[in-house]
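Read off the chains here:
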Amino acid sequence: MAIMSDFPDLLAALDNYLAAVEKRPVADGAVPELRPAMEKLEAVAQASVPAADPMLRHYLTQRSYRKAWNYLRGEDHLNQAGNCGRH
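Along every chain, residues carry numbers that run from 1 in the direction the sequence is written. Whole-chain, interface and lining totals are the exception, using all residues; otherwise, since this is a predicted model, local features are given only for residues with pLDDT of at least 70 and side-chain atom pairs are given and counted only at 80 or more. Excluded from the side-chain calculations are hydrogens and water; all other atoms, namely the structure's heavy atoms, are used.

A. Just helix α4 (residues 65-72), in detail. Per-residue accessibility, obtained with a 1.4 Å probe over protein chains only, is compared with the maximum for each type, and a residue is labelled buried under 20%, exposed over 50%, and partly exposed between these values. Under the DSSP-based scheme used, a helix requires at least four consecutive residues in state H or I and a strand at least two consecutive residues in state E, with every element numbered from the N terminus. Most of α4 is tucked away: seven of the eight residues are buried. Every buried residue of α4 is listed here: Y65, K67, A68, W69, N70, Y71 and L72. Those residues of α4 that are buried lie in contact with α1 (8-21), α2 (34-48) and α3 (54-61). Backbone geometry just after α4 places G74 at a positive phi near 75°. The contact criterion used is simple: two residues touch if any of their non-hydrogen atoms lie within 4.5 Å.

B. Structural detail: unusual backbone geometry. At R63, a residue that is not glycine, the phi angle is positive and equals roughly 60°. The topology assignment puts R63 in the loop between α3 and α4. Judged by relative accessible area, R63 falls into the exposed class, the value being 52%.

C. Main features of the packing of α1 against α2. In this analysis an axis means a line fitted to C-alpha atoms, helices contributing only their contacting stretch, and an angle means the value between N-to-C directions, from 0 to 180 degrees. Interhelical geometry of α1 versus α2 gives an angle of 150° and a closest axis separation of 9 Å. In terms of axis orientation, α1 runs roughly antiparallel to α2. For the crossing formed where α1 meets α2, the hand is left-handed. Here D9, L10, A13, L14, N16, Y17, A20 and V21 of α1 lie close against α2, whose contacting residues are L34, A37, M38, K40, L41, V44, A45 and S48. Partitioning the contact of α1 with α2 into residue classes produces twelve nonpolar, two polar and two charged. In these notes the angle categories are as follows: under 35 degrees is roughly parallel, over 145 is roughly antiparallel, 65 to 115 is roughly perpendicular, and the rest is oblique. Here is the rule for handedness: rotate from the far helix to the near one, and if that takes an anticlockwise turn smaller than a right angle the crossing is left-handed, while a clockwise turn gives right-handed. Residues are grouped as follows: Ala, Val, Leu, Ile, Met, Phe, Trp, Tyr, Cys and Pro are nonpolar; Asp, Glu, Lys and Arg are charged; every other residue, Gly included, is polar.

Coordinates in, geometry out; function isn't part of it.
Structure follows, in structure tokens:
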């Protein structure tokens, strides 16, 4: 099992992305912070995949970012099974 100290850049990018997702949109319905947070997360996630264990790799390649965040924090038990049949 991965822990947050194994992937500090990934955990930081996940924190930033999830915080942006939860922000209220501005007048035009957009969340300005979301695009750069997503781009950074995708870059860090792609770089992390080769070193990740199979479960974390699965979460990252499926873009299950909340599940990856829970997993890195040692809270994988909070993740509900998805449509893939794995987790």
